[in-house]
Amino acid sequence: MKFYCEAIETVLTETKSSPAGVTASDAEKRLLESGKNKLKEGEKVSLVKRFLMQLADPMIIILLVAAVVSAVTSVLQGESIADVFIILFVVIVNSVLGVFQENKAEKAIEALQQMAAATSKVLRDGKITIVKSEDIVVGDVVLLEAGDAVPADGRILESASLKIEEAALTGESVPVDKFTDAISLGSQTDIPLGDRKNMVYMGSTVVYGRGSAVITATAMDTEMGKIADALTQAKESRTPLQIQLSQLSKILTYLVLGICAVIFAVGLLRDGTAQLLPTFMVAVSLAVAAIPEGLVAVVTIVLSIGVTRMSHRNAIIRRLTAVETLGCAQIICSDKTGTLTQNKMTVVDAFTSDVALLASAMALCSDAELTEEGGVTGEPTEAALVVWANKMGLSKDQLRIDTPRIGEAPFDSVRKMMSTVHLHSDGSVVQFTKGAPDELLKNCSHILKDGEMHVLNEQAKADILLANKNMADRALRVLAAAKKTYQTEPARFEADDLEHDLCFIGLVGMIDPVRPEVKAAIDKCRSAGIRPIMITGDHIDTAVAIATELGILKEETTAITGSALGDMSDEVFARQFQSIAVYARVQPEHKVRIVNAWRGAGFVTAMTGDGVNDAPSIKSADIGVGMGITGTDVTKNVADMVLADDNFATIVSAVEEGRRIYDNIRKVIQFLLSSNMSEVISIFVATLLGFAILKPVHLLWINLVTDSIPAMALGLEKAEPNLMSRSARSPRDGVFAGGMGFDIAYQGIVVALLTLAAYFIGHFLEAGRWEIANSADGTTMAFLTMSMAEIFHSFNMRSRRESIFTLGTNNKILNWAGIASLALTSLVIYVPFLATAFEFEHISLNEYVTALILAALIIPIVELVKLIQRKSKKTA
């Protein structure tokens, strides 16, 4: 059926619905029959395919080729092929771990998507119900208002100045005016989608007015579903950090393959083809030693776990890139209402000669409603007005029955007003208008005093403005109300036709208390080098009072209005914007201008918002922050992060978590690269000197034991005490910034020297003389020293600069990783069949303790270097 050509009654019949929607039980049945209102997702990669993709890694292929060559050679020579099985076992375990990490990351993201699932207001059993958009069925009557994303295709039942932006489907950026009448085909066989003005479509957005629609198609049956295939084929984007790490891995791969080729060529020239296999295995050893195979996977899982941790702290990260960006946030541009304050507006003052009329006007000229549970739903300011009237015995439900709404001019941020038109039982019509006092007053010609209308003279205006200022000085939110009467219903309900020659009724003053935790959060921002900026639509006096109380506005900073900003040239604003801490009475374009000014000056900027008009500035910011409670679907969809509790303190917590995650990722990188460098140096030096210090299977075992669990444990390290007292890092800083390249180099060299020392001491204890030669005891001691030195080094990496003895925290996972590594390494050496497989010698207790002491030396050596680095930083 072409629903846009049919009358509303026909559409309701076809969809088996009614103006009151479907019943809850019927909706449940339909959901079971038709499935979720979700577009088809891209095909998920199976576990088997993921496992094979892990094996397709170039370095893994080299290892497998080495295993095959070794197996064939060993069989031909009648030797044991135990090392082949060990290589295969380690390769399989590494691949399984990789699949597990990828799957865990995917599950974490899926959990977040569930937490951030969109919701819609529908009528079920005649009552307003909030349901997940994916649970909407054909026949549901959806209620729409400015800011909502349309959840599915539907036929419009009611339209009050409803305008919808359908650019995602039509490419036309101009919002479409919607109506309820059926469209005639005339001589056409069909109506273009952009001209179906009595329909709403999934993927579009309500930008003005309100209305309702009966759902006619869901999921893949929608117009958006027809282009879903192209959407599901979109590639996953990688974070800048992941791209850098991938490039790093490629560089390391080429470098190591070059070194391997050199070693292989030197071996052939020195020993000829007789030692072809051992030479090849040495080259493979270098490859195994140098490539941090699990680095990208570890980083991905650390990011994913961090994102999940953030969600538990009410910060839902919609894009992994936001995690990295959060760690270097320098400016937070925040709305006031609900973010810095509690979003529980309460009327505490009034300026009027008729309180009952003022309360009735405020309640009727709002879209907030009382609930059956005794609460109230709607925008916080309007909700406060309805609650105020209700406390005076003026129930919104009864007022609506006595004077039903017959027309309206919805609120918008340009007019700063809204008007509703109501019918009295005697047939007369009354209009109520509420809005910002200064704007509404411009449209008033009379004032109500003692029940009578009087001309609004200059003295009366001065009294109103003084009362407004007195309330604003007390940090009250002030709204004005006016009325207008008609003998008959107005011909049009446009704002220009309604909002003139009004009769002023009075002012109400409301307060939205500051959130108690925000003051401490702002203090933490200051110490972390993050500057908070307040951007609000409130009166400047109110904004200044709140900003001063919170410490946002200081003596060296100023506050300006949006109109003053609008009059300011780009050149003047460029010189002054850094001294402005509060912006009041701003327009949407002002917010974008403010964000771009800070970004243009090189500052990493976060921007919060909840309304449709906030979407451009949120999208312009480095970190867009949407509100989870009061935020519209539009702002949530363009935001990088959504605050589940709309709380400014949550942003600061997320910044702290972002810093912790980035800090830990750098620790993981330094740990893995320094450990792998020690292995490369050890193998390279031993090969040049003409002896074999460690075999490929030994290095595979070391990497399995000392890379995976400790690296993950470091990724979960708690935040260092001084984390939020450091200045925000520059986003231009690379992974190796701050001397990390030097740290990796010297730490790798130290572990390599300790390992080589263990080898020579082992050979001396075995042979009783110092010489360069192959030694079973030496290899066993070198294996033990390198394994445990890397484990001990992971404890060093709990902090890159601070002493591990002053951290005051405990990493239990890392502790258990160290114990498990020591136990597993000892088992490999002392359990006979394992020792035989690895070709280890049963070393004495003296040799065992010596190897452990050598390994433990990495801690005092690194601690000494850290001390020197801290001292040199203080004197610099």
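Just above, that's the structure.
For every chain, the first residue of the written sequence is number 1, and numbering continues from 1 onward in sequence order. Residues qualify for local features only when their pLDDT is at least 70, as the model is predicted, and side-chain atom pairs are given and counted only at 80 or more; totals for whole chains, interfaces and linings, by contrast, use all residues. Where side-chain values are given, they derive from all heavy atoms of the structure, hydrogens and water being excluded.

Observations regarding the overall build of the chain
Secondary structure elements follow DSSP: runs of H or I of four or more residues count as helices, runs of E of two or more count as strands, with numbering from the N terminus. Helices and strands together make up the secondary structure of the chain, namely 32 helices and 25 strands. Contacts are residue-level and defined by heavy atoms, with any inter-residue pair within 4.5 Å sufficient. Long-range pairs, those at least 24 residues apart, make up 72% of the contacts in the chain between residues at least 6 apart in sequence.

Remarks on the environment of Val604
Looking at the secondary structure, you find Val604 in the loop between α22 (588-600) and β23 (605-609). The class for Val604 is buried, based on a relative accessible area of 5%. Along the chain, Val604 and Ile331 lie 273 residues apart, while their C-alpha atoms are 6.3 Å from each other. Burial classification: accessible surface area is computed with a 1.4 Å probe over protein chains only, and a residue below 20% of its type maximum counts as buried, one above 50% as exposed, and the rest as partly exposed.

Description of the packing of helix α18 (residues 518-527) against helix α25 (residues 648-689)
For every element, the axis is a line fit to its C-alpha atoms; helices are fit only across the contacting stretch, and the angle between N-to-C directions ranges from 0 to 180 degrees. Between α18 and α25, the shortest axis-to-axis distance is 8 Å and the interhelical angle comes to 35°. Here the hand of the crossing between α18 and α25 comes out left-handed. Where α18 approaches α25, its residues Val518, Ala521, Ile522, Lys524 and Cys525 are matched on the opposing element by Phe648, Ala649, Val652 and Glu656. Classifying every residue of the contact of α18 with α25 by side-chain character gives seven nonpolar, no polar and two charged. Should the near helix be turned anticlockwise from the far one by less than a right angle, the crossing is termed left-handed; should it be turned clockwise, right-handed. Classification convention: Asp, Glu, Lys, Arg as charged; Ala, Val, Leu, Ile, Met, Phe, Trp, Tyr, Cys, Pro as nonpolar; all other residues, Gly among them, as polar.

Focus: the environment of Asn774
Tracing the backbone shows Asn774 in the loop between α27 (740-767) and α28 (776-796). Along the backbone, Asn774 and Ile693 are 81 residues apart, and their C-alpha atoms lie at a distance of 7.5 Å. In contact with Asn774, other than residues within four places in its own chain, are Phe691, Ala692, Tyr759 and His763.

Some words on the side chain of Asn198
With respect to the element layout, Asn198 can be found in the loop between β5 (176-177) and β6 (199-200). Separated by 2.9 Å, the side chain of Asn198 and the backbone oxygen of Asp181 make a polar contact. Sequence-distant contacts of Asn198, defined by excluding residues within four places in its chain, comprise Tyr4, Gly154, Arg155, Ile156, Phe179, Thr180, Asp181, Ala182 and Ile183. In the analysis that follows, any N or O atom pair within 3.5 Å is treated as a polar contact, provided that within protein one partner can donate a hydrogen and the other can accept it, and provided that, for residues neighboring in sequence, both atoms belong to side chains.

Regarding the sheet that holds strand β8 (residues 315-317)
By definition, two strands form a pair when at least two bridges between them are found by DSSP. Across the sheet, eight strands lie side by side as β8-β25-β24-β23-β9-β20-β22-β21; this open sheet has mixed pairing. Either end of the sheet is taken by a strand with one partner, and the two such strands are β8 and β21 (558-561). On average, each strand axis in the sheet is inclined to that of its neighbour by 20°, with strand direction left out of account. Here β23 runs beside strand β24 (residues 623-627); their pairing, made up of four bridges, is parallel.

With respect to the pairing of strand β7 (residues 205-217)
Counting buried positions along β7 gives 11 out of 13 residues, so the element sits mostly inside the fold. Across five bridges, strand β3 (residues 141-145) lies against β7 in antiparallel orientation. Counterpart to Glu145 in the pairing with β7 is Arg210. Relative to β7, strand β4 (residues 153-165) is paired through 10 bridges, and the arrangement is antiparallel. What sits directly across from Ala160, in β7, is Arg210.

Regarding α28
A helix is expected to span 1.5 Å for every residue after the first. Spanning 21 residues, α28 covers 30 Å between terminal C-alpha atoms, matching the ideal 30 Å at 1.5 Å per step. Most of α28 sits inside the fold, with 19 of its 21 residues counted as buried. With a side-chain oxygen lying 3.0 Å from the backbone nitrogen of Gly778, the N-terminal cap of α28 falls on Ser775.

Some words on the nonpolar core
We call a set of buried Ala, Val, Leu, Ile, Met, Phe, Trp, Tyr and Cys residues a nonpolar core when their side-chain atoms join them within 4.5 Å. Among the nonpolar cores identified, the biggest contains 104 residues, and Met641, Phe648 and Ile693 are the most heavily contacted of them. Counting residues per element, this core draws most heavily on α25, at 15 residues. Phe648 has contacts with Ile332, Ser334, Thr339, Leu340, Val518, Ala521, Ile522, Cys525 and Pro532, leaving out every residue within four places of it along the chain. Core analysis: the next-biggest nonpolar cluster, separate from the first, contains 26 residues, Leu399, Phe432, Leu448 and Ala481 among them.

Examining the pattern of salt bridges
The term salt bridge refers to a side-chain nitrogen of Lys or Arg lying within 4 Å of a carboxyl oxygen of Asp or Glu. Per the stated rule, a full pass over the model turns up 36 salt bridges. Across the salt bridge formed by Glu223 and Arg196, the nearest N and O atoms sit 3.7 Å from each other. Of this pair, Glu223 sits in the loop between β7 and α7 (228-232) while Arg196 sits in the loop between β5 and β6, and the two are 27 residues apart along the sequence. Judged on exposure class, the residue Glu223 and its partner Arg196 are both buried. Arg800 serves as the salt-bridge partner of Asp743, at 3.0 Å between the closest nitrogen and oxygen. In this pair, Asp743 is assigned in helix α27 and Arg800 in the loop between α28 and α29 (812-830), connecting sequence segments 57 residues apart. An identical accessibility class is assigned to Asp743 and Arg800; each is buried. Three or more residues are tied together by salt bridges with common partners; here these are Glu158, Arg210, Asp367, Arg405 and Glu408.

Some words on a nonpolar patch on the surface
Like-charged residues within 9 Å of one another, or nonpolar side chains (Val, Leu, Ile, Met, Phe, Trp, Tyr) within 5 Å, are grouped into patches, provided each residue has over 30% relative accessible area and no salt bridge. Calculation of accessible area relied on Shrake-Rupley with a 1.4 Å probe; when residues are assessed, cover is drawn exclusively from the protein chains displayed. Taken together, the side chains of Leu845, Val849, Ile853, Leu857 and Ile861 present a nonpolar region at the surface, about 430 Å² in accessible area. It is helix α31 (residues 845-856) that provides the largest number of residues to the nonpolar patch, a total of three residues. Tracing the chain through its elements places Leu845 in helix α31.

Let's talk about α29
If you check α29, its first and last C-alpha atoms are 27 Å apart, about what 19 residues at 1.5 Å a residue would give, namely 27 Å. Every buried residue of α29 is accounted for by Leu814, Ala817, Gly818, Ser821, Thr825, Ser826, Val828 and Ile829. Looking straight down α29, one finds that the buried residues subtend no more than 160° of arc, so they occupy a single side. Across from the buried face of α29, at angles greater than 90 degrees, the exposed residues are Lys812, Trp816 and Ile819. Turning to α29, the residues buried within the fold contact α26 (696-715), α28, α30 (832-838) and α31. The directions from the helix axis to the C-beta atoms form the arc being described.

Considering unusual backbone geometry
Unlike most non-glycine residues, Asp450 shows phi in positive territory, near 50°. Tracing the backbone shows Asp450 in the loop between β16 (444-449) and β17 (452-455).

A word on the environment of Gly818
Here Gly818 shows up in helix α29. The spacing of Gly818 and Ile709 is 109 residues in sequence and 9.1 Å in space, taken between C-alpha atoms. Setting aside residues up to four positions removed in sequence, Gly818 forms contacts with Met788 and Ile791.

Quick word on the side chain of Arg659
Here Arg659 is to be found in helix α25. Only four residue types enter the charge count: Lys and Arg as positive, Asp and Glu as negative, with His and the chain ends excluded. Comment: no salt bridge for buried Arg659; closest opposite-charge side chain is Asp663, at 8.8 Å. Of the polar contacts made by the side chain of Arg659, one reaches the backbone oxygen of Leu723; its length is 3.1 Å. Apart from residues no more than four positions distant in its own chain, Arg659 is found in contact with Gly327, Ala329, Ala528, Ile530, Leu723, Met724, Arg726, Ser727 and Ala728.

Here we look at the packing of aromatic side chains
Geometrically, a pair of aromatic rings is defined through the distance of the ring centres and the angle of the planes. Aromatic rings from Phe, Tyr and Trp, with only the six-membered ring used for Trp, were paired whenever their centres fell within 6.5 Å, and each pair was classed as stacked if the ring planes differed by under 30 degrees, edge-to-face if by over 60, and tilted otherwise. Applying the stated rule across the entire model yields 11 aromatic pairs. With a centroid separation of 4.8 Å and an interplanar angle of 85°, the aromatic rings of Phe577 and Trp598 are classed as edge-to-face. You can see Phe577 sitting in the loop between α21 (570-576) and β22 (580-584) and its partner Trp598 sitting in helix α22, a full 21 residues away along the chain. Judged by its relative accessible area of 1%, Trp598 is buried. Taken together, a centroid distance of 4.6 Å and an interplanar angle of 40° make the contact between Phe783 and Phe840 tilted. Placement of the pair is Phe783 in helix α28 and Phe840 in the loop between α30 and α31, with a sequence separation of 57 residues. Phe840 shares its class with Phe783; the two are buried. Chaining the aromatic ring pairs together yields one cluster made of Phe573, Phe577, Trp598 and Phe603.

So, the packing of helix α12 (residues 355-364) against helix α13 (residues 380-391)
Where α12 meets α13, the axes come as close as 8 Å, and the angle between the chain directions of the two elements is 140°. For the element pair α12 / α13, the angle class is oblique. The handedness of the crossing between α12 and α13 comes out as left-handed. Judged by residue contacts, Val355, Leu358, Ala359, Met362 and Ala363 of α12 engage Leu385, Val386, Trp388 and Ala389 from α13. Taken together, the residues of the contact of α12 with α13 sort by class into nine nonpolar, no polar and no charged. Roughly parallel covers angles under 35 degrees, roughly antiparallel covers those over 145, roughly perpendicular covers 65 to 115, and oblique covers all other angles.

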